Amino acid sequence: MEITDVVVHTLSLPAVESTKADSSQDACIVEVETDEGLTGIGEADSSPRVVEAIIEAPVSHDKSAGLKEVVVGRDPFDVEVLWNEMYDRTYFYGRKGAAITAISAVDMALWDIMGKALDRPLHRLLGGKHRDSVRAYASTLFPDDPTDTDHMRREAEAALDEGFTAIKFGWGGFGRDRRNDLELVGTAREVLGEEFDIMVDAGMVWQEDVKGAIKRTNELDRAHDLYWMEEPFYADNLDGYRRLSEATETRIAGGEEEYTLYGFREFVDRGKPDVLQPDVARSGGITHLQKIAALGAERGIPFVPHGYSTDVIVAANLQLIAANRNAPLLEYCVEDSPLRWDLVEEDLTATDGYVGIPDRPGLGITLNRDTIEEYRVEL
Ligand code: MG
């Protein structure tokens, strides 16, 4: 089998809020085509235009090529070789960030093609499934206005109504004022009751303020019982992660802004996180998320892949979660965006707080062409 083309669909809602930490406002969907008529689907969670350029760019140097130049004419079953070649040939502008997100999308599509060619779900190519379904946690944002406790009440009630048993609030106006933070999380706790798991995603708000993060994490956990504190600092602040992790009983989660096994090895060794959250559409595709999950398993750290965009990411995460024993939870974005809910034909919705692992070939999804046409943005 030979790869014949890589097609990028840049999708966007008519209006994107520039300060909202919501990846479901646009999407970069990649399709890898082959001479046998099989097409693989992938996604890059980054600026779609930037990813498009990385895929389409002509060769400008041995270590500076576009991904299409690397993979067209090659066999998708050489996925590990192709991952390494894409990494090597983007090295001057790659290693972390956008180049790895673009590689992630192509890599996901290659795995999808292999599953379809073998007529097997991806987890059967990754070693089988440890579970038939996974507990999902509703993932949403804090209000921009840190005094808006009504927002917390609404989001918590929706999660309860939909049958979830865990919820994460992130970004927005969190972290600016300790009294507001306590009230925001306290409102959610009041609605959800004692048994519900509540995670907080600080959205890097403390940046370099390690002592501040320690104090606030301990205070919030004592007052309202946190399941984890996520991404307190910039991903580069590895010593901050370690100091916080060592100073609190609260689980510390992170990794959505980290890349490849190389980045996660540093994160684990120096940052001492309690939960690893690589994003399949950013951190290295199926190929490197498998290695990152294995690193977590070796060190006794849960793998809870990040995902806050379309069902393409949800589908990939379900296969990765099936194939890894240390994967207890699915991030389940509840943003009200058509790109979140209408991009694939299949039903991947949560029932009673759980999502089933699909057994369809590859990623087990079909793109909804009407949604693609409706939200496609041409250059
Ligand atoms: Mg996060």
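Residues numbered from 1 in each chain as written. Predicted model: local features only at pLDDT ≥ 70, side-chain atom pairs only at ≥ 80, totals over all residues. Heavy atoms only, no water.

1. Describing the environment of Thr-287
- Tracing the backbone shows Thr-287 in helix H11 (residues 285-299).
- Sequence separation between Thr-287 and Asp-150 is 137 residues, and the spatial gap between their C-alpha atoms is 42 Å.
- Excluding residues that lie within four positions of it along the chain, Thr-287 makes contacts with Val-79, Glu-80, Trp-83, Asp-107 and Trp-111.
- Among the polar contacts made by the side chain of Thr-287, one reaches the side chain of Asp-107 at a distance of 2.4 Å.
- Of the polar contacts made by the side chain of Thr-287, one reaches the side chain of Trp-111; its length is 2.9 Å. (Helix = DSSP H or I, 4+ residues; strand = E, 2+ residues; numbered from the N terminus. Contact = heavy atoms within 4.5 Å. Polar contact = N/O pair within 3.5 Å; in protein donor to acceptor, adjacent residues only side chain to side chain.)

2. Observations regarding the side chain of Thr-310
- Assignment of secondary structure puts Thr-310 in the loop between H11 and helix H12 (311-323).
- Separated by 2.4 Å, the side chains of Thr-310 and Glu-43 make a polar contact.
- With residues up to four places along the chain from it excluded, the contact list for Thr-310 reads Ala-27, Ile-29, Glu-43, Leu-339, Arg-340 and Leu-343.

3. Brief notes about the coordination of the magnesium ion
- Only Asp-201 (OD), Glu-230 (OE) and Glu-256 (OE) from the protein reach the magnesium ion as donors, at distances of 1.9 to 2.1 Å.
- Between consecutive donors of the magnesium ion, the numbers of intervening residues give the motif D-x28-E-x25-E. Note that Asp-201 is positioned in strand E6 (residues 197-201) and Glu-230 in strand E7 (residues 228-230), a separation of 29 residues in sequence.
- Given the relative accessible area of 3%, Asp-201 is considered buried.
- Judged by its relative accessible area of 0%, Glu-230 is buried. (Donors = N, O, S within 2.8 Å, 3.2 Å for Na, K, Ca; no water. Buried < 20%, exposed > 50% of the residue type's maximum accessible area, 1.4 Å probe, protein only.)

4. Here's the deal with the pattern of salt bridges
- Enumeration according to the criterion identifies 31 salt bridges in this entry.
- Ionic pairing is found between Asp-88 and Lys-63, a salt bridge with its closest N-O pair at 3.0 Å. With a gap of 25 residues between them, Asp-88 in helix H3 (residues 79-89) and Lys-63 in the loop between helix H1 (48-56) and helix H2 (67-71) connect regions that are remote in the sequence.
- For Asp-88, a relative accessible area of 31% puts it in the partly exposed group.
- Under the relative-accessibility criterion, Lys-63 is labelled partly exposed at 23%. (Salt bridge = Lys/Arg side-chain N within 4 Å of Asp/Glu carboxyl O.)

5. A short note on helix H6 (residues 149-161)
- Taking 1.5 Å per residue, 13 residues should reach 18 Å; H6 reaches 18 Å between its end C-alpha atoms and fits that length.
- The inward-facing, buried residues of H6 abut strand E4 (133-141), strand E5 (166-170) and helix H7 (178-192).
- Trailing H6 by a residue or two, Gly-163 shows a phi angle of about 90 degrees, which is positive. (Expected span 1.5 Å × (residues − 1).)

6. Considerations on H11
- With 15 residues, H11 should cover 21 Å at 1.5 Å per step; its first-to-last C-alpha distance of 21 Å lies within 8% of that length.
- Burial in H11 covers these residues: Gly-285, Ile-286, Thr-287, His-288, Leu-289, Gln-290, Ile-292, Ala-293, Leu-295 and Gly-296.
- For H11, the elements touching its buried residues are H3, helix H4 (98-118), helix H5 (122-125), helix H10 (260-271), strand E9 (275-276) and H12.
- Phi turns positive one or two residues past the end of H11, at Gly-300, with a value near 75 degrees.

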